[in-house]
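# Examination of the molecular architecture
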Amino acid sequence: MAEELAFNKPKVELHVHLDGAIRVETIVDVAERRGMTLPVATVEEMRDLCSLKNPSTLTEFLSKFNHYMPFIAGDREAIKRIAYEFVEDKAKEGVIYVEARYSPHLLANRDVEPIPWEQKEGDLTPDEVVNLVNQGLNEGEKAFKTKARSILCCMRHMPKWSMDVIELCKKYRNDGVVAIDLAGDELMDTKAYPEHKQAYEEAVKSGVHRTVHAGEVGPPSVVKEAVEVLKAERIGHGYHTTDDQALYRRLLEENMHFETCPISSRMTGACDPDFTKHPLIRFREDKANYSLNTDDPLVLNSNLHKDYEVAKKFMGFTEEEFQRVNINAAKSCFLPEKEKRELVHQLCEAYGMVEHTCF
Ligand SMILES: O=c1[nH]cnc2c1ncn2[C@H]1C[C@H](O)[C@@H](CO)O1
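Residues numbered from 1 in each chain as written. Predicted model: local features only at pLDDT ≥ 70, side-chain atom pairs only at ≥ 80, totals over all residues. Heavy atoms only, no water.

Per an unreviewed UniProt entry, the protein carries the name Adenosine deaminase and comes from Chanos chanos. Comment text from UniProt for the protein, heading Sequence similarities (unreviewed entry), reads "Belongs to the metallo-dependent hydrolases superfamily. Adenosine and AMP deaminases family." A UniProt comment under Cofactor (unreviewed entry) is attached to the protein, and it reads "Zn(2+)". (UniProt positions renumbered as here; feature names shortened; annotations may be inferred.)

## Here's the deal with the overall build of the protein
Per the secondary structure count, the protein includes 17 helices and eight strands. A compact globule built from 359 residues would reach a C-alpha radius of gyration of about 21 Å, and the protein, at 19 Å, matches this within 12%. Across its three principal directions, the C-alpha atoms of the protein cover 55 × 55 × 40 Å. A buried classification covers 57% of the 359 residues belonging to the protein. (Helix = DSSP H or I, 4+ residues; strand = E, 2+ residues; numbered from the N terminus. Rg over C-alpha atoms; globule rule 2.2 N^0.38 Å. Buried < 20%, exposed > 50% of the residue type's maximum accessible area, 1.4 Å probe, protein only.)

## Concerning the site of the ligand
Contacts to the ligand come from 18 residues, most closely from His-17, Asp-19, Glu-216, Asp-295 and Asp-296. His-17 places a polar side-chain atom, nitrogen or oxygen, 2.7 Å from an oxygen atom of the ligand. A distance of 2.9 Å separates an oxygen atom of the ligand from a polar side-chain atom of Asp-295. Coverage of the ligand by the protein chains reaches 98% of its 400 Å² of free accessible surface. Among the elements of the structure, α3 (58–63) and β2 (95–102) are those that each provide at least two residues to the shell around the ligand. Per element, the largest residue contribution to the shell around the ligand is three residues, and it comes from α3. In terms of residue class, the shell around the ligand is made up of eight nonpolar, five polar and five charged. (Near = heavy atom within 4 Å. Polar contact = N/O pair within 3.5 Å; in protein donor to acceptor, adjacent residues only side chain to side chain. Areas by Shrake-Rupley, 256 points an atom, 1.4 Å probe, with all protein chains shown as cover. Nonpolar A, V, L, I, M, F, W, Y, C, P; charged D, E, K, R; others polar.)

Here it is in structure tokens:
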């Protein structure tokens, strides 16, 4: 008998890395087509290699990307394919709207310095990567009826890419790109890298939406900086905000949205491995504005249903709270106002709620 799902209703997902959500079968398939040698013999062994088994550190977690990104980066067909398959996978999880994030530079092999993953220089630029992902998401949306938009990531350790990233956000804002993000190791001090700040200033100036990975493994000061300096409208993860009560209270009052990823937070060592001590419980009790997300299902060998299951089993989440979470996610998404209202309306209908209680 099929296992009962914790929340078998339409969902919104706001924090998932496209390059952390690739199918293992696709990695193996692409490697074979490209005549590249895989480090292991089978799909199952590859799955093992690419995923974490036990709670670890963010550094260890991010090192998993090294095992598979070289097979995907620089290949036009693969990049479009992972975007298309991503939408199919989200549709199967009952997601009706998703924002997929990635670094265009980490998938390119030209006009990127340094060229990532020890690739030889080729002819695929970050600009064309964005174009290919847009095509894949768009075709996926048409085929599977899940609306998909993207967020382009700056990387903390690569400040020289950041101005490119904001220019790509501006260029493709009418073609599926809805926001800018800052990902990677948040323990790196952004003050030492003025390019990130400059990119975010340009985002504010040109009306590009902003989210920032902060307070995942880092202290509340990183969250403060994200809000005050980078003018973040949403916080990626944000668990450690609760370590600074004044900041936490202030962000609650401002209705700041936290993009939480329960299973990821355990495996990256961001939070206590005991889910019953998770800051998400505090968020729930305080009726904070947050969403539930997968982050990197490939690296976690997981899926969205499992995150909801954890919330139900260990954190006391009810059907009502799952509905509230998804309506908050819809209200905090980076779609234009009219589309956002349509999305909220769609959820209200699916949950059998009276419209005015949704807004
Ligand atoms: O949980 C995360 N925290 C910080 N950075 C992350 C996380 N998951 C993935 N990334 C990085 C690795 C990816 O290559 C990059 C863009 O998606 O973002």
